[in-house]
Amino acid sequence: MSIPSNNTIISTQPSCNDIYESGLLPVEQALKHILSALPCLADYETLNIEQTKGRTLSQIIKAPFNVPPHNNSAVDGYALNSTDLPDKDVALLSVTGTAYAGKPCCSSINPGECIRIMTGAVIPSGTDTVIMQEHVKLDNSTITIDSRHQKGQNIRLAGEDIQQGESILFPGKFITPADIGLMASLGISEIKIQRKLRVAIASTGNEVISIGDTHSPSTIYDSNRYSLYAALQRPDIEIINLGILEDSPEALLDSFKQASQTADMIISSGGVSVGDADHTKTALQQSGHVDFWKIAIKPGRPLAFGHIDNSVFFGLPGNPVAVMVSFYQFVLPALEHMMGIKDKVCAPKIQVKTIENIRKKPGRTEVVRGILQQKSEGTWTVKTTGKQGSGILRSMSLANAFIILEHDRCSVKAGELVTVQPFSGLF
Ligand code: AMP
Ligand code: MG
């Protein structure tokens, strides 16, 4: 597959007069190129089901038996044969035994008799209908029933939930608590799941220092590695921390080459622009598989993507908000694609009214940090977090959603619908 260089010209048809620089790669196209160039993990491991929440299934799960395994009562009441149901008026039946869940009733019944039954108890032989206890009149050991009941009511039939041999979960299923409960209900204890993805992270920049190092007027503390580390902390990822790399082609190449021996993906931040200290490009030119794109997105315009040996490489911009936006818009979908997750939407995008005017020119996607809030009558609205500079990390911290203003969109007026991606589906 060929990956476009930063010279790729993609035509757009902006609807307003004023547009941004041409030759930028639209977001959708960048994501399409990324996803089509990724390998999928084929390795799996076998784990107990309790350890598999948030992992991806890599086998078909079939039901070894019917669920429920036998006909049982859906309510507390009385089991009887439907031939004893009265067509009109009432019928009197004598109670001859009791069936509990886990303790069936062995006695059989004759015409005019019934069995007291609890929810979940196996339906006694000779009975085919259960009457709720609230619908009968009990007098000593005789019940009176009226004519409003039907044959077969209040019985959960064997196999009505799952049939023996039925395939119920498939490879690519992102495992949820419900899936774990479902497998437990079938007596399945161990399953095959995708192995963890190994992701290496690095910060670059001679000005960037670690927490604990002495601060000076020319240094900044590394925040990118921390936000990336936190964003990657999930059950299906193993993080390899490469630390802070100095701004030199040799240091970067050394570290990336070494990481590529073990990592499935390497993510760096900084050094992908065109400044004199932006050495990631020089470092990776020899590898021949990394392209440097200018994406039509704000924030997060420069992005490097490709391969170093067997590792997928993402060179994210240096600015802290740009790092997080590029991570959620490009890296997260790539990670989930590599893990073979087929049935989990990265995050739902919804349409919500903005209560604020937002300035925007067509020609690039703008990912604005927003606050989604519910009004007292229940409807949802969104507003921005205020200043939107790509270095203002507080805008991410204040936000609970991205407002995504699409490529061709112009300025938005208060009251218009905008696309919103809540963080709750992402983080
Ligand atoms: P660069 O793309 O390397 O020129 O970085 C762009 C901006 O992001 C500069 O102001 C950097 O100081 C800042 N920056 C780069 N890396 C980090 C980091 N790890 N943490 C916080 N800020 C950073
Ligand atoms: Mg830098």
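Residues numbered from 1 in each chain as written. Chains lettered and ligands numbered in written order. Predicted model: local features only at pLDDT ≥ 70, side-chain atom pairs only at ≥ 80, totals over all residues. Heavy atoms only, no water.

## Points about the site of ligand 1
Part 1: Contacts to ligand 1 come from 16 residues, most closely from Glu 207, Asp 222, Ser 223, Asn 224 and Gly 271.
Part 2: At 3.3 Å from an oxygen atom of ligand 1 is found a main-chain nitrogen or oxygen belonging to Asn 319.
Part 3: Out of a free accessible area of 490 Å², ligand 1 has 77% covered by protein chains.
Part 4: Looking at the shell around ligand 1, the elements with two or more residues in it are strand E13 (197-204) and strand E15 (220-221). (Near = heavy atom within 4 Å. Polar contact = N/O pair within 3.5 Å; in protein donor to acceptor, adjacent residues only side chain to side chain. Areas by Shrake-Rupley, 256 points an atom, 1.4 Å probe, with all protein chains shown as cover. Helix = DSSP H or I, 4+ residues; strand = E, 2+ residues; numbered from the N terminus.)

## Looking at the sheet that holds strand E16 (residues 237-245)
Part 1: On the basis of which strands lie adjacent, the open sheet formed by six strands has the order E16-E13-E17-E21-E20-E18 and mixed pairing. In this open sheet, the two strands that pair with only one neighbour each are E16 and strand E18 (290-294). Each strand of the sheet is rotated relative to its neighbour by a mean of 15°, with strand direction disregarded.
Part 2: Sheet topology places E13 next to strand E17 (residues 265-269); five bridges connect them, and they run parallel. Across the sheet, the residue bridging to Val 199 is Met 265, located in E17.
Part 3: Docked against the sheet, helix H3 (residues 224-232) engages E13, E16, E17 and strand E21 (311-316), running at close to 165° with respect to E13. (Pairing = 2+ DSSP bridges. Axes fitted to C-alpha atoms, helices over the stretch in contact; angles between N-to-C directions. Contact = heavy atoms within 4.5 Å.)

## Overview of the sheet that holds strand E4 (residues 77-80)
Part 1: Strands sit in the order E7-E4-E6-E5-E9-E8 across an open sheet of six strands; the sheet is mixed. The open sheet is flanked by strand E7 (129-132) and strand E8 (137-139), the only strands paired with a single partner. Strand-to-strand twist across the sheet, computed as the mean angle between neighbouring axes with direction ignored, equals 40°.
Part 2: In terms of strand pairing, E4 meets E7 through four bridges, oriented antiparallel. Across the sheet, Gly 77 pairs through a bridge with Met 132, a residue of E7.

## Comments concerning the confidence of the model for the protein
Part 1: The share of residues in the protein with pLDDT of 70 or more is 94%, and the mean pLDDT across the chain is 92.
Part 2: Every residue in residues 1-15 is under pLDDT 50, and counting partners more than four places away or in other chains gives 34 contacts. (pLDDT = per-residue confidence, 0-100.)

## Some remarks on a nonpolar patch on the surface
Part 1: Residues Ile 211, Tyr 221 and Tyr 226 make up a contiguous nonpolar surface patch of about 310 Å² in total accessible area.
Part 2: With respect to the secondary-structure elements, Ile 211 resides in the loop between strand E14 (208-209) and E15.
Part 3: We classify Ile 211 as exposed; its relative accessible area is 55%. (Patch = residues over 30% accessible without salt bridge, like charges linked within 9 Å, V, L, I, M, F, W, Y side chains within 5 Å. Salt bridge = Lys/Arg side-chain N within 4 Å of Asp/Glu carboxyl O. Buried < 20%, exposed > 50% of the residue type's maximum accessible area, 1.4 Å probe, protein only.)

## Here we look at the environment of Leu 57
Part 1: Within the secondary structure layout, Leu 57 lies in the loop between strand E1 (44-48) and strand E2 (61-62).
Part 2: For the pair Leu 57 and Leu 35, spaced 22 residues apart in sequence, the C-alpha to C-alpha distance is 20 Å.

## Overview of the nonpolar core
Part 1: Among the nonpolar cores identified, the biggest contains 47 residues, and Met 265, Ile 267, Phe 314, Phe 327 and Leu 335 are the most heavily contacted of them.
Part 2: Contributing elements (two or more residues each) for this core: helix H1 (27-36), E13, H3, E17, strand E20 (302-308), E21, helix H6 (320-338) and strand E25 (401-405).
Part 3: Looking at this core element by element, the count peaks at 12 residues for H6.
Part 4: With near-sequence residues (within four places) excluded, Leu 335 lies in contact with Leu 197, Val 199, Leu 232, Ile 237, Met 265 and Phe 327. (Core = buried A, V, L, I, M, F, W, Y, C linked by side-chain atoms within 4.5 Å.)

## Concerning the pattern of salt bridges
Part 1: As enumerated under the stated definition, the model contains 13 salt bridges in all.
Part 2: Taking the shortest distance from any N to any O, the salt bridge between Lys 173 and Asp 179 comes out at 3.0 Å. Note on accessibility: Lys 173 and Asp 179 belong to one class, buried.
Part 3: Salt-bridge contacts for Arg 234 lead to Asp 236; the nearest nitrogen and oxygen are separated by 2.7 Å. Neither Arg 234 nor Asp 236 differs from the other in exposure class; each is buried.

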